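Residue strings, one per chain:
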Amino acid sequence: ARWTAEGGWETSEVLPYGPLQLSPAAAVLHYGQEIFEGLKAFRHADGSIWTFRPEVNAERLQRSARRLALPELPTEEFLASLRAVVAADEPWVPEATSEESLYLRPFMFASEEFLGVRASHTVDYYVIASPAGPYFPRGVQPLVVWITDEYARAGAGGTGAAKCGGNYASSLLGKREAAEHGADEVLFLDSETHTSIDELSGMNVFAVTRDGRLLTPALTGSILEGVTRASILRLAEDRGLGVSEQPLVMSEVLEQLASGEITEMFACGTAAVINPIGEFKAHGGTWTVGDGGSGETTLALRKELTDIQYGRIADRHGWLTRLV
Ligand code: PMP
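The shown structure was predicted, so the numbers you read here are calculated from the model rather than taken from an experiment.

## Remarks on the UniProt feature "modified residue: N6-(pyridoxal phosphate)lysine" (unreviewed entry) in the protein
Then comes step 1: With numbering aligned to this structure, UniProt lists the feature "modified residue: N6-(pyridoxal phosphate)lysine" (unreviewed entry) at K163.
Then comes step 2: Mapped onto the fold, K163 is located in the loop between β8 (143-147) and α4 (165-180).
Then comes step 3: Residues within four places of K163 in sequence aside, it is in contact with I35, F36, E37, R60, S64 and L224.

## Observations regarding the domain arrangement of the protein
Think of interface size as the accessible area that goes away when the parts come together; that is how it is often given.
Then comes step 1: Domains assigned within the protein are domain 1 (2-133) and domain 2 (143-309).
Then comes step 2: The centre of domain 1, based on its C-alpha atoms, is set 27 Å off from the matching centre of domain 2.
Then comes step 3: Each partner contributes residues to the interface: domain 1 has 19 residues there, and domain 2 has 12 residues.
Then comes step 4: Per-element accounting of the side of domain 1 that touches domain 2 gives the leading share, 6 residues, to helix α2 (residues 54-67).
Then comes step 5: Residue composition of the side of domain 1 that touches domain 2, by class: 8 nonpolar, 4 polar and 7 charged.

## Here's the deal with the environment of G32
Then comes step 1: Locating G32 in the fold gives a position in the loop between α1 (27-31) and β3 (34-36).
Then comes step 2: C-alpha of G32 to C-alpha of V123: the two residues are 91 residues apart in sequence and 12 Å apart in space.
Then comes step 3: Those residues within four positions of G32 in sequence are excluded, and the remaining contacts are G165 and G166.

## Concerning the packing of helix α5 (residues 227-238) against helix α7 (residues 296-309)
Then comes step 1: Packing of α5 against α7 leaves a shortest axis separation of 11 Å and a crossing angle of 110 degrees. Taken as axis vectors, α5 and α7 run roughly perpendicular relative to one another. Residue-level contacts link S231, I232, L235 and A236 of α5 to L301, E304 and L305 of α7.
Then comes step 2: Of the residues belonging to the contact of α5 with α7, the class tally is 5 nonpolar, 1 polar and 1 charged.

## Some remarks on the site of the ligand
Then comes step 1: In the region of the ligand, the neighbouring residues are G38, E199, G202, M203, N204, L224, G226, V227, T228, R229, G269 and T270.
Then comes step 2: It is α5 that contributes the most residues to the shell around the ligand, 3 residues altogether.
Then comes step 3: Among the residues making up the shell around the ligand, the classes are represented as 3 nonpolar, 7 polar and 2 charged.

## A look at α5
Because each turn of an α-helix spans 3.6 residues, side chains separated by three or four positions end up pointing in the same direction.
Then comes step 1: Spanning 12 residues, α5 covers 17 Å between terminal C-alpha atoms, matching the ideal 16 Å at 1.5 Å per step.
Then comes step 2: Directly beyond the C-terminal end of α5, a positive phi value near 80 degrees is found at G240.

## Quick word on unusual backbone geometry
Then comes step 1: In this structure, A69 takes a positive phi of about 55 degrees despite not being glycine.
Then comes step 2: Relative to the elements of secondary structure, A69 occurs in the loop between α2 and α3 (75-88).
Then comes step 3: The exposed category is assigned to A69, around which 12 C-beta atoms lie within 10 Å.

## Considering the pairing of strand β15 (residues 273-282)
Then comes step 1: Burial analysis of β15 places 7 of its 10 residues in the buried class, which makes it a mostly covered element.
Then comes step 2: Sheet analysis places β8 next to β15, joined by 4 bridges and oriented parallel. Residue pairing across strands places L143 opposite I277, the latter belonging to β15.
Then comes step 3: Relative to β15, strand β14 (residues 262-269) is paired through 4 bridges, and the arrangement is antiparallel. Directly across from G269, in β15, lies its bridge partner V273.
Then comes step 4: Note: β15 against strand β16 (residues 285-288), 4 bridges, orientation antiparallel. Each bridged residue has a counterpart across the sheet, and for F280 the counterpart in β16 is W287.
Then comes step 5: Taking the residues that link successive antiparallel strands as the turn, the β15-β16 hairpin has 2 residues, and the phi of G284 there is positive, at about 105 degrees.

## What about the confidence of the model for the protein?
Then comes step 1: Taken as a whole, the protein shows an average pLDDT of 96; of its residues, 99% reach a score of 70 or greater.
Then comes step 2: The ipTM for the predicted assembly is 0.99, set against a pTM of 0.97.

Definitions and cut-offs
Residues numbered from 1 in each chain as written. Predicted model: local features only at pLDDT ≥ 70, side-chain atom pairs only at ≥ 80, totals over all residues. UniProt positions renumbered as here; feature names shortened; annotations may be inferred. Helix = DSSP H or I, 4+ residues; strand = E, 2+ residues; numbered from the N terminus. Contact = placed C-beta atoms within 7 Å. Domains from an automatic or database assignment. Nonpolar A, V, L, I, M, F, W, Y, C, P; charged D, E, K, R; others polar. Axes fitted to C-alpha atoms, helices over the stretch in contact; angles between N-to-C directions. Parallel < 35°, antiparallel > 145°, perpendicular 65-115°, else oblique. Near = placed C-beta within 6 Å. Expected span 1.5 Å × (residues − 1). Buried ≥ 20, exposed ≤ 12 C-beta atoms within 10 Å, placed from the backbone. Pairing = 2+ DSSP bridges. pLDDT = per-residue confidence, 0-100.

In structure tokens form, the structure reads like this:
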């Protein structure tokens, strides 16, 4: 679909997958005025196809749009775009038994041919799709996470809470640094005091305490408000686990790992669902989480969430929306 400052959103269409035509002066190529979302379509045993809490992604796309001076796509249009793409790509949605899904990537960018710095008067919105296997090649295995002391992903008053391409551009070097240290992922600390956990390059972070509480960084404006994060907080409450959104000071977390006060940690997001963190690495040390394996609470939450998504247990919170 295309939006213009004069006409608003125009009607959308389904096109064959292929290259886009864009002016070399398109605003997005110069100023990064771009936002996106990530969801999955799950096939259930009866063949029907569902997605998980798409209205939450629609609202996040609207918040991202406001922050990046892009037009808001109404929730109904967002849902219609997912339905149209999944209906067209229905054969590509993996079988229910495969534990795989069709990843959906809605994105919106400034397409006006214009070299001045101002919000674009022409904006394009697309959805592409791709079958998704496991996020990490080794499957659900504890992650090794590198704590970067050099790079921040987002700053106060910046775009950290928006899902915009620029945030990921700023995380790439940290991710490369992590890989060079043999880690799977990079952990960013808050950019103001450089002491508290913000998030990984594409996932929110949780800790489980010995006395059965679930801790996760509060939404301070520099981390993404994950759909998975919110859902886990809800499932944890249902299980009677105490939950607390609070600053997680990295040095204290490392001490609590050593003392056994924190027994499990995990990362979560749409792509990886829930993945245990087995070890932290930084300049100056290595810290094992629990026994370095997959914690009981982590795996139980992961199972419950994927069972809801694949329709294997009741959707008691009404989180699923049928697409096809
Ligand atoms: N943080 C970042 C930076 C992300 O890119 C993602 C993935 N969208 C998340 C957290 C997790 O968000 P969600 O659970 O909505 O996928």
